[in-house]
Amino acid sequence: MTHDTMRWRDYFLREGAGFDDFWRSFFAEQRREVLLVLGHGFDARMCDGLEKLLSLGGEGARDVALIAFDEGPQSPSHTYADQRRANGARIKELLGDRGKLNNRPITMFSGEGRRIGARSIAQEFASANEFQPYTDVVIDISALPRGLYLPLLAKMLALFDLDQKDGEARNLHVVVSHSPATDAAIVEEGLEDGATYLHGFAAAALESEATSAQPKIWIPVLGKCQQPQLERIHSLVAPDEICPLLPSPAQDPREGDSLMVEYRDLLFDQLRVEPRNIIYAAESNPFEVYRQIMRSILHYHRALSPLGGCKVALSAMSSKLASIGVLLAAYELSHRDPKVTVGVAHVESQGYRVESNSVARSTTLFTMWLSGECYAA
Amino acid sequence: MKDVRNPFRLQTAESIDSDADFLRLFGHGVLDLLPKDALSGRPLFIRSAPGGGKTSLLKLFTPSVLQSLIAMRGSDATKELYNRLKDLGAVTDHDINVLGVMLSCSRTFPALADIDLKPQRARRLLLALIDARIILGALRAVLLARRLRFPDDLVRLTLTAPPDEHIPGLRFPCDGTSVKRWAEDVEQGVCDLIDTLLSPEGSGPSGHDSLLAFRLLDAKCIQLDGRLVETPWLVTFDDMQKLAATQRAALLEVVVEQRSRSTVWLAERFEALSTDELLSSGALSGRDCLVIALEKAWQEKRRFEPAVLLIADRRARMAADATGANFALGAFAPTIEADLDTPAWQDRTASALEVVRGRVQAVAASKPQYAEWIQSCDAADGTLRQQLVRWRTVEILIERHARKRQLALGLGALTREELEDRDESDVRAAAELFLSKEFGFPYYFGLSRLASLGSFNVEQFLRVAGDLFEESLAAAVMRRDPHLSPDRQQKILDGAYDARVKDLPRRAQNGREALRFLDAIGQFCREETHQPNAPYAPGVTGIAISMQDCATLRNADHLKLSPDTAALAGVLGTALQHNLLLPDPDRPRPAGRFMVLYLNRLLCPKYQLPLQYGGFREKRLQDVVTWPTHGYRPSRSERLPL
């Protein structure tokens, strides 16, 4: 596979005013039946996408599937229960009689207390049948944890790809209300003891004894304050090569340097990362992250194919935008021929704590069109 | 191997590239903890906190590592290790004498438990996956042990049918390649079932009723070039705690029921509030098995300090090798200064001595019964530091005597002999601690205390020793003296708390509450320790909860009715999982049997506590149940002046 044959080589991404222009014209073009899937969290950004989409006119249904997830009785997120309730009320108020609101609770823990959120959310949307009434499905990941939206999107892509084989061309969009300052202020708390491979990508296949001799490559997309996660994922993956991905260009031009300073001891003294393995990708362009990851993986795969190939673990530890790049690369490589075994390693957390309430609410809406009309041959 | 600037940072077996480096860095002291018949066929449980060295120990017995060891047996770095393994029967003069197959239970097995399968099917698939992995490991082990190549030489292996056994999908006799393909297919089938985004029910392999791999290994059905492979097998399961409860029960049941002739080692994290269920559940009743709790074994055999200091020296040597012959730090111990009797401390010691001596003499002036004790102190030889400690010890003893006298109304003069009797090492240790608090002398320095700060955990020791070594490395690079003074050591070790414990809320479930609970224990211990008469010399470093209360903390029905107790159980679980409390269960006391929970020694500097074990206070659940939420509030009786 070459660069030319990457599925999302040509991509569709709009932000800010471009977001408004696109959706306004898209809705004006024809009647659109839209299902918006969004998480019910405490982050006020969860309402941004719906509010904006409803304000941009157009005909057709604007239904909402509201994903509710309970992070357990000890979750620090309960501190913000009032905000969460307010967000739920705001969604109802915004939606009014413009569409149906459907609550979709996700089982986060098994009877033994094991985390099964990723598997549950993939099962929640079991088949493409429930999307039959819609022309467009929009997944708003602004208030969804990574452990839910990555498997959800993988499942959606798989369902929509099957649909396309059957001649359907339903559109799949992802929107996110992006704010680096807010992201930095919301920190994960109560990390799980160990990392796991997310359901929806290669998980068991990565741990297979039969392929244990294949070299393992780990590409962590680095963000701030992720040292415990890095340590735990490293322990899970036990990689032979590590290729950290740094944001560059980034809003803060020294972001990459800051990350190197923060992780110097771990990356260079403990894990002995080769500086030449570092990958750079634009902070706010998930498709650029996707391309850089794809290039690196394909390079390793080609170089190591005489020895039986390689296995790859990706970890999204940065912004939600960058994590979409991880998703796309992992999904594409796992569904192509020849297949590359790519998993997404992740550490779940008990919940979130807002470190500073004084963060200015300066957000930018991004929309990514992942599947459907615009990619039709 | 890539260049290693600070080899102390290679804290896990997984982070070391080559078998040769693994062996060079391996401290053979842990082998002292194994029973002599560890390879005799009895199941062996190895338990410790994370970082206790379980995985390294299991890795040592894998064929490639043992082969490397035999090749390096003449080397100074590995000679002793080789001899120990020879004594255990793992190697002979020229050959491997045990075929090790190492399985990590954290890989794939937990995910299998998360699929919505019927229990019987889930069990069959679990056993099939274990079978497939053991057989793949066994094929590899046989070839590597004979210095053959895997998988190229699999055709030289022949497997015959085990008596009275049918292995679904496998036709005997067959060669190694066919068996490998069979095992890979079984594993692939289970893995596909786990990874599929579609409904798993009804797809995938049928699974196995029992562990067929053990029967195959026991029956000696494997031939290499037509000759039976008769080397005994060692199958090790690492990270057993990662299995779901049903999986663990199933595995233990088959390991026990089948009474395999192969030796099975099961390594798991010690969770004091749950692990004992494993033995009391009946799963192992009637079966002879061995259990080693690494922390307890280190403590009982008093082997931790020499073991970790050997590890430290090996790492320092590796750094010296990596940086070239000009580098001064060929060993770790010489860089760590352990003496406060140096000229740098003379002035401060002299002025402290003046203060303490003055205080004691003032008390004695009005109480003539202490006159002989004072004379004894005056006449004592020794360095300034020794004199200072002696005077402070006498001050504690006078305080003790004064309190007792108030009760006993004894007024007789005290003799020099009585002083000698009372001047025990515990009181001297308390005196040292009090001096450090009062006059700012460093207390946490020197090799012995550094080893103690490891809390019987090799990884923790490597972290703190690595912090010290980092400083020496930096000094050497800048052509400065790489030796670390006691106060510099203490400053670096003080920072270890911040690095490892302070961010517990982020790192761990219930971390915020656990941190508050640990802080409460720390404050409580400090109050108990720093009383003028040092009643629990050298100090209190833990609390004890009755085993009955521990049972309450495990009682699911009770926890449902009592959220506070449930929260405390969760917090204790977190503290134990993260090795922040060191449990010593089932300890007999006059009031019954107790579980002592010692603070991890890394917390001791924060609360100015000694590093010795043995000092603890009994607490009832109702005394501590509010500590995770409200922190420590001393009761009236505990509010004694410091």
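Residues numbered from 1 in each chain as written. Chains lettered and ligands numbered in written order. Predicted model: local features only at pLDDT ≥ 70, side-chain atom pairs only at ≥ 80, totals over all residues. Heavy atoms only, no water.

As for the nonpolar core
Residue and element names in this part refer to chain B.
Here is step 1 of the chain: Phe61, Leu85 and Phe237 are the most contacted members of the largest nonpolar core, which totals 209 residues.
Here is step 2 of the chain: In terms of residue count, the dominant contributor to this core is helix H6 (residues 119–145) (16 residues).
Here is step 3 of the chain: Among residues more than four places away in sequence, those in contact with leucine 85 are Leu31, Leu60, Phe61, Leu66, Leu69, Ala90 and Val91. (Core = buried A, V, L, I, M, F, W, Y, C linked by side-chain atoms within 4.5 Å. Buried < 20%, exposed > 50% of the residue type's maximum accessible area, 1.4 Å probe, protein only. Helix = DSSP H or I, 4+ residues; strand = E, 2+ residues; numbered from the N terminus. Contact = heavy atoms within 4.5 Å.)

A few points about a negative patch on the surface
Residues and elements named next belong to chain B.
Here is step 1 of the chain: Together, Glu417, Asp421, Glu424 and Asp426 give the surface a local cluster of negative charge.
Here is step 2 of the chain: In this structure, aspartate 426 sits in helix H17 (residues 425–439).
Here is step 3 of the chain: Residue classification places aspartate 426 among the partly exposed positions, given a relative accessible area of 37%. (Patch = residues over 30% accessible without salt bridge, like charges linked within 9 Å, V, L, I, M, F, W, Y side chains within 5 Å. Areas by Shrake-Rupley, 256 points an atom, 1.4 Å probe, with all protein chains shown as cover. Salt bridge = Lys/Arg side-chain N within 4 Å of Asp/Glu carboxyl O. Lys, Arg positive; Asp, Glu negative; His and termini not counted. Charge placed at Lys NZ, Arg CZ, Asp CG, Glu CD.)

A short note on the pairing of strand S2 (residues 99–104) of chain B
Residue and element names in this part refer to chain B.
Here is step 1 of the chain: Among the six residues that make up S2, five are buried, leaving the element largely enclosed by the rest of the structure.
Here is step 2 of the chain: Relative to strand S7 (residues 233–238), S2 runs parallel, the two being bridged by six bridges. Residue pairing in the sheet places methionine 102 in a bridge with threonine 236 of S7. (Pairing = 2+ DSSP bridges.)

Side note on the interface of chain B and chain A
Here is step 1 of the chain: Taken together, the contact pairs 44 residues of chain B with 44 residues of chain A.
Here is step 2 of the chain: Connecting chain B to chain A are eight salt bridges.
Here is step 3 of the chain: Taking the shortest distance from any N to any O, the salt bridge between arginine 9 of chain B and aspartate 265 of chain A comes out at 3.3 Å.
Here is step 4 of the chain: Elements that contribute at least two residues to the side of chain B that touches chain A include exactly helix H5 (109–114), H6, helix H7 (176–195), helix H9 (245–258) and helix H21 (504–507) of chain B.
Here is step 5 of the chain: No other element matches H7 of chain B, which puts five residues into the side of chain B that touches chain A.
Here is step 6 of the chain: A class-by-class count of the residues in the side of chain B that touches chain A yields 17 nonpolar, nine polar and 18 charged. (Nonpolar A, V, L, I, M, F, W, Y, C, P; charged D, E, K, R; others polar.)

Regarding the sheet that holds strand S10 (residues 542–546) of chain B
Strand pairing in a sheet is mediated by backbone hydrogen bonds. Such pairs are either parallel or antiparallel.
Residue and element names in this part refer to chain B.
Here is step 1 of the chain: The mixed open sheet is built from four strands, whose spatial order is S11-S12-S10-S13. In this open sheet, the two strands that pair with only one neighbour each are strand S11 (581–589) and strand S13 (617–618).
Here is step 2 of the chain: Pairing between S10 and strand S12 (residues 592–599): five bridges, direction antiparallel. Paired with serine 546 across the strands is phenylalanine 594, a residue of S12.
Here is step 3 of the chain: Sitting on the sheet, helix H23 (residues 547–554) touches S10, S11 and S12, and the angle it makes with S10 is about 80°. (Axes fitted to C-alpha atoms, helices over the stretch in contact; angles between N-to-C directions.)

So, the side chain of arginine 32 of chain A
Residues and elements named next belong to chain A.
Here is step 1 of the chain: By the element assignment, arginine 32 lies in the loop between helix H1 (17–29) and strand S2 (34–39).
Here is step 2 of the chain: According to the relative accessible area criterion, arginine 32 is buried, its value standing at 0%.
Here is step 3 of the chain: Beyond its immediate sequence surroundings of up to four residues, arginine 32 is in contact with Phe26, Phe27, Glu59, Gly60, Ala61, Arg62, Thr135, Asp136, Asn171 and Glu373.

As for the packing of aromatic side chains
Here is step 1 of the chain: Under the criterion given, the structure shown has 33 aromatic pairs over all chains.
Here is step 2 of the chain: Note on tryptophan 8 of chain A and tyrosine 290 of chain A: the rings are 5.7 Å apart at their centroids and 85° apart in plane angle, and the pair reads as edge-to-face. You can see tryptophan 8 of chain A sitting in the segment before strand S1 (12–15) and its partner tyrosine 290 of chain A sitting in helix H10 (residues 286–304), a full 282 residues away along the chain.
Here is step 3 of the chain: Ring centres of phenylalanine 439 of chain B and phenylalanine 441 of chain B lie 6.3 Å apart, and the angle between their planes is 55°; on these two criteria the pair is classed as tilted.
Here is step 4 of the chain: Residue classification places phenylalanine 441 of chain B among the buried residues on the basis of a relative accessible area of 2%.
Here is step 5 of the chain: The rings of Phe12, Phe19, Phe22, Trp23, Phe26, Phe27 and Trp369 of chain A are connected pair by pair, giving a single aromatic cluster.
Here is step 6 of the chain: Over the aromatic face of phenylalanine 12 of chain A sits the side chain of arginine 14 of chain A, whose NZ or CZ is 4.3 Å from the ring centroid. (Phe/Tyr/Trp six-rings, centres within 6.5 Å; stacked < 30°, edge-to-face > 60°. Lys NZ or Arg CZ within 6 Å of the ring centre and 35° of its normal.)

A word on the sheet that holds strand S5 (residues 222–224) of chain B
Residue and element names in this part refer to chain B.
Here is step 1 of the chain: In spatial order, the strands read S4-S3-S5-S6; together these four strands make up an open sheet with antiparallel pairing. Each edge of the open sheet carries a strand with a single partner, namely strand S4 (174–175) and strand S6 (227–228).
Here is step 2 of the chain: Summarising the sheet, strand S3 (residues 157–159) and S5 pair through three bridges and their orientation is antiparallel. In the strand pairing of S5, leucine 159 is matched with isoleucine 222.

Quick word on the environment of alanine 345 of chain A
Here is step 1 of the chain: Relative to the assigned elements, alanine 345 of chain A resides in strand S14 (residues 341–346).
Here is step 2 of the chain: Residues alanine 345 of chain A and tyrosine 280 of chain A lie 65 residues apart in sequence; the distance between their C-alpha atoms is 20 Å.

Topic: the packing of H6 of chain B against H7 of chain B
All names here are of chain B.
Here is step 1 of the chain: Between H6 and H7, whose axes approach to 9 Å, the crossing angle comes to 145°. In terms of crossing hand, the pair formed by H6 and H7 is left-handed. Only Gly176, Val179, Lys180, Trp182, Ala183, Glu184, Val186, Glu187, Val190 and Leu193 of H7 make contact with H6, whose side of the interface consists of Arg121, Leu125, Ala128, Leu129, Ala132, Arg133, Ile135, Leu136 and Leu139.
Here is step 2 of the chain: Split into classes, the residues belonging to the contact of H6 with H7 amount to 13 nonpolar, one polar and five charged. (Left-handed = near helix turned anticlockwise from the far one by under 90°.)

Quick look at unusual backbone geometry
Here is step 1 of the chain: The peptide bond linking phenylalanine 150 of chain B to proline 151 of chain B adopts the cis configuration, its omega dihedral lying at 5°.
Here is step 2 of the chain: In this fold, proline 151 of chain B is placed in the loop between H6 and S3.
Here is step 3 of the chain: The residue after alanine 537 of chain B, namely proline 538 of chain B, is reached through a cis peptide bond having omega 0°.
Here is step 4 of the chain: Relative to the helices and strands, proline 538 of chain B is located in the loop between helix H22 (511–529) and S10.
Here is step 5 of the chain: Positioned with a positive phi, alanine 238 of chain A is a non-glycine residue whose angle comes to about 50°.
Here is step 6 of the chain: Within the element layout of this structure, alanine 238 of chain A appears in the loop between helix H7 (227–237) and strand S10 (241–242).
Here is step 7 of the chain: Given a relative accessible area of 35%, alanine 238 of chain A falls into the partly exposed group.
Here is step 8 of the chain: Of note, aspartate 239 of chain B is a non-glycine position whose phi angle comes to about 55°, a positive value.

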